[in-house]
Structure formats: structure tokens, C-alpha cells
Amino acid sequence: MAKSQISLTVNGKTVEALVEPRTLLIHFLREQLMFTGPHIGCETSHCGACTVDLDGKSVKSCTVFAVQANGSDVRTIEGMAAADGSLHVLQEAFREMHGLQCGFCTPGMITRAYRLLQENPSPSEDEIRMGISGNLCRCTGYQNIVKAIQYAAAKISGVPFREAAE
Amino acid sequence: MIPGAFTYHRPTSIAEAVGLLTDLGEDARPLAGGHSLIPMMKLRLATPAHLIDLAGLTDLKGVATDGNDVVIGAMTTQHELIGSDLLAGKVPLLREVSSHIADPQVRYVGTLGGNVANGDPGNDMPAVMMCLGATYEIAGKGGKRRIAAREFYQGAYFTALEPGEIVTAIRIPAPPAGHGFAYEKLKRKVGDYATAAAAVVLTMSGGRVASCSIGLTNVAETPLWAEEAARILNGSALDAATVKKAVAAAEAITSPASDRRGTPQYRTKMAGVMLTRALARAKSRT
């Protein structure tokens, strides 16, 4: 099958590549570009471990063909930290609030939370829970993930983070 | 899971897309948001030799008014429906329905056109479009035509679309200002298809139902328009006895499949419960 030429921006860098049309974006990112942060979980568009940011939308990269991303701007978890290695506020928040245990869902969670906070910088707890409803975590019970996103939202808004009583 | 090989096409006009679909015939499938088709391709339940990506057809995006109608381009995403102020004012039912569909990531890419045209009885929009009396605008090699949502669905994944045709827009007559609306959906978890769901649009006048329309999701091979149930409610004050009669009429037209969401009997009863709740909520919003 003839390959297609694609050109896109991934984590700020222009990438030119030849892909089979049937190559899924997650496989392209992980196997051709070696961005192995986005994970392959369920492969059935449920778990959200493969979430990346595509032209300002959170998408499940297991359900997008790489050819569909031609001309797009893609950001993965590898594109979150600053060039000097300092953590993105969401990465810091997940560390501070213990928002992970095994860590498998974390790249998808952080990438999704990034877009959520871009759209809604001070979400309510309900809005956070609905906002990450496309990302499954089988360890934490979500409590500390929600707290981490609240911590990041507070820090971005420059207000002190107060943990809700349980 | 890796889909079968295919040739990718990205037309830039409706005429080009329809031409490709017509020329390539059964081997070609149109690709909208892809969140039904790509999972099917990964499972090799669909193995099209050609994919016609409609993303380049910018004419198929957006929400506009045309007289009393609201016209929504088929490639408009669920996320865009939720964010549309025009829709929030004219057809607020759609925001309620869209926010029940799948999850945020899927809503960023899933389209209204794909949801209505795929013929999946689990999809939420078809019954809502029947409830609203929507019309689908269709383009094919022979030109354009329109078909009512209430005449579009013929069986599971079987619609009035002819080979080579695509849905280009959904035209909805705006319900009167002050109408009541509700979409009640029973599901096991976020992102699930409905065990049963009911859409209601109604108007009240002097405490009585002046007009009423009801759609039911995922309780038959096709979405259902519960015409008899609505007829029973017309002129009533939505008193308990009349609602009970209407719910019985709605339940009578269901024929749900048995699956992990429940037995046919359970899903029929849940359709009735969803309708009862939707009627109450729609009334409370008038």
C-alpha cells in the first residue's frame, strides 16, 4: 500500500514522515517518533491513556489515523515540561498531591487536564470529574487526581490551594 | 489492533467526495469523526479499501439559521454543539443530549452527521432528531435531496442513504420560544450507550399540553418516534393517569435486544421510566 507524506508539529518541532494510511497516531508517535509517553491501554477509545492534544482538542490517539493529523499541531506529555527540565504546573501538582500510583494513566490524565484548564481555568470539582471522564485510572480512585488538578488550577490562578475536607 | 490497509482520500469539495464515493462504490466509506468507523476497522468488522475523509469539506461545519430553521453542518462536532450559543438559545435540547454522548475526547471529534447517518440504534441523536422533526440534507451523484429523520431509519445500520450519498446538513425547525425539553438517559457509566433513553419537546398552554413530541433511543433496531404516546398527552394537564397511559403506549412500540444492559423487559420498563422523568422535567422548564 502506498505511503502518504505527512507534515505536522509535534511538541513544537516540525516532523516530516511517510506513513501507511492505516497507521494510527498512537503507533506513529510511539514507534516512529519514539514519544512513548502516550500509552496504549484499551485500544478501544475508552481508557484515555493515549490522550494527546491535537490542534487544541484532547483526542484519543488510538482512534485517529496519523494521516488525519497532517498539518496539525500535536502535544504529548513529553511536551509539557519546560526546555530546562522544570516541571509543568500539572506535573508538579500530580507529584505534590500523589495523583498517581502505577503511573500508567498519568500521561493521558495530565494531557487531558492541560486542555481542561485551558478551557476552564477554575473548574468546580464536578467539572473536573466530568472533564476527565474519558480517562480511566485503576489505582487511585481518582481522589488525588482531582486534588492535583485543583492544585494546578489554584496555582495557575495565583490563589492558595486549600484541600477540601473529606 | 491494526486496521486493514486502505487508500486515503481527502476531497476538498462535496462534489469531489460524492464523485469518489460513487466511483469507488462498495469499497469506499466516508470518514467523519471516525469514532464509530475506526474502532470497527480495528476489529476488522469494517475493511474498506478506500477512506474518504470529509474533514477537508469546510462547508459542512457550523451552525446557522435559515428562517425558522436551525441548520447544522454534518461535520459539526458534539463539542461544538455544546459550545454553540445559537443552539443554547434555539434548541437547548441538543446541548443536553451532546453532553450525554461518550466522553470529552470523543465529543471533540465525534460529529452530528456521523451520529445520525451511521444508523447505530445506540446513538443518541437519531431519536432526538425524530422528536424535533428534523430533516437531513443529502448530497449524491444525482444532486441534492432532503429526507425527514422520521423516514430515515430502516433497521440497525440500515438507512435511507443510497450508495454514494452523504448527509451534508441537519435542518431542525426551531421549537417555539418557551418550550419545555428534556433528554433522560439511563446508562451504566459515563460514555456508555443508553440502556434506554427518552427525548421530549412540549409546549403548555393554560396548564395543558398544547404540543408534544417524543423520541426513544436504543429500545428497538431503529430509533423510535412515539407518536401515539404524544397524541394521548396532547390536551392533558400531564396528570398521573394520562402519563401512565402514554407511557404504556410508548412501551408498547419498543422491542429492545437483550444485552449486557439488561433483558428486553427491563429495557422496555426503563424506557417508560425515562419518558416519565423526561415529561416531568420538560414541563418544569416551560
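Reading guide: rules and limits
- Residues numbered from 1 in each chain as written.
- Chains lettered and ligands numbered in written order.
- Predicted model: local features only at pLDDT ≥ 70, side-chain atom pairs only at ≥ 80, totals over all residues.
- Helix = DSSP H or I, 4+ residues; strand = E, 2+ residues; numbered from the N terminus.
- Rg over C-alpha atoms; globule rule 2.2 N^0.38 Å.
- Buried ≥ 20, exposed ≤ 12 C-beta atoms within 10 Å, placed from the backbone.
- Contact = placed C-beta atoms within 7 Å.
- Nonpolar A, V, L, I, M, F, W, Y, C, P; charged D, E, K, R; others polar.
- Pairing = 2+ DSSP bridges.
- Axes fitted to C-alpha atoms, helices over the stretch in contact; angles between N-to-C directions.
- Core = buried A, V, L, I, M, F, W, Y, C linked by C-beta atoms within 7 Å.
- Domains from an automatic or database assignment.
- Arc of directions from axis to C-beta.
- Expected span 1.5 Å × (residues − 1).

### Focus on the overall build of chain A
Secondary structure assignment for chain A yields 5 helices and 5 strands. Reading the helices (α) and strands (β) of chain A from amino to carboxyl end gives β-β-α-β-β-β-α-α-α-α. Over its C-alpha trace chain A gives a radius of gyration of 16 Å, about what one expects of a compact globule, namely 15 Å for 166 residues. Taking the principal axes of the C-alpha coordinates as reference, chain A spans close to 60 × 30 × 25 Å. The buried share of chain A, reckoned over its 166 residues, is 46%. A fraction of 58% describes how many contacts in chain A between residues 6 or more apart in sequence connect residues 24 or more apart.

### Quick look at the interface of chain A and chain B
Listed per partner, the contact involves 22 residues of chain A and 23 residues of chain B. When residues in the side of chain A that touches chain B are grouped by element, the largest group, 4 residues, is from strand 4 (residues 57–60) of chain A. Classifying every residue of the side of chain A that touches chain B by side-chain character gives 5 nonpolar, 12 polar and 5 charged.

### Focus on the sheet that holds strand 11 (residues 180–186) of chain B
Residues and elements named next belong to chain B. A sheet is described by the order of its strands in space; here 4 strands give the open sequence 11-12-13-14, paired in antiparallel fashion. Both outer strands of the open sheet, strand 11 and strand 14 (224–225), are each paired with one neighbouring strand and no more. One ladder, built from 9 bridges, connects strand 12 (residues 196–205) with strand 13 (residues 208–217); its direction is antiparallel. Paired with A197 across the two strands is T217, which belongs to strand 13. The sheet contacts of helix 8 (residues 125–132) involve strand 11, strand 12, strand 13 and strand 14, and relative to strand 13 the element is tilted by about 155 degrees.

### Topic: the nonpolar core
In this structure, V200(B) and I214(B) are the most contacted members of the largest nonpolar core, which totals 137 residues. Apart from residues no more than four positions distant in its own chain, V200(B) is found in contact with F181(B), A182(B), I214(B), A278(B), L279(B) and A282(B).

### Some thoughts on the environment of Y151(A)
All names here are of chain A. Examined against the element boundaries, Y151 turns out to sit in helix 5 (residues 143–157). The buried category is assigned to Y151, around which 22 C-beta atoms lie within 10 Å. In this structure the C-alpha to C-alpha distance between Y151 and E96, which are 55 residues apart in sequence, comes to 8.7 Å. Look past the residues within four positions of Y151 in its chain and what remains in contact with it is A93, E96, M97 and F161.

### Overview of the domain arrangement of chain A
Residues and elements named next belong to chain A. For chain A, the assigned domains read domain 1 (4–79) and domain 2 (89–157). Listed as interface residues are 15 residues of domain 1 and, on the opposing side, 12 residues of domain 2. For the side of domain 1 that touches domain 2, the element with the highest residue contribution is strand 3 (residues 51–54), accounting for 3 residues. Considering only residue class, the side of domain 1 that touches domain 2 consists of 6 nonpolar, 8 polar and 1 charged.

### Section: helix 2 (residues 89–96) of chain A
All names here are of chain A. Of the positions making up helix 2, those classed as buried are L90, A93 and F94. One face of helix 2 carries all of its buried residues, which in axial projection span an arc of 95 degrees. Contacts made by the buried residues of helix 2 are with helix 3 (106–119) and helix 5. Looking one or two residues beyond helix 2, the residue adopting positive phi is H98, at roughly 55 degrees.

### Overview of the domain arrangement of chain B
Assigned domains within chain B: domain 1 (7–56), domain 2 (58–173) and domain 3 (181–284). With centres defined by C-alpha atoms, the gap from domain 1 of chain B to domain 3 of chain B works out at 35 Å.

### Some details on helix 11 (residues 264–284) of chain B
All names here are of chain B. For helix 11, which comprises 21 residues, the first-to-last C-alpha distance of 30 Å matches the rise-based estimate of 30 Å (1.5 Å per residue) to within 8%. Three or more residues of helix 11 are buried, namely R267, T268, M270, A271, G272, M274, L275, A278, L279 and A282. The secondary structure elements touched by the buried residues of helix 11 are strand 11, strand 12, strand 13 and helix 10 (240–252).

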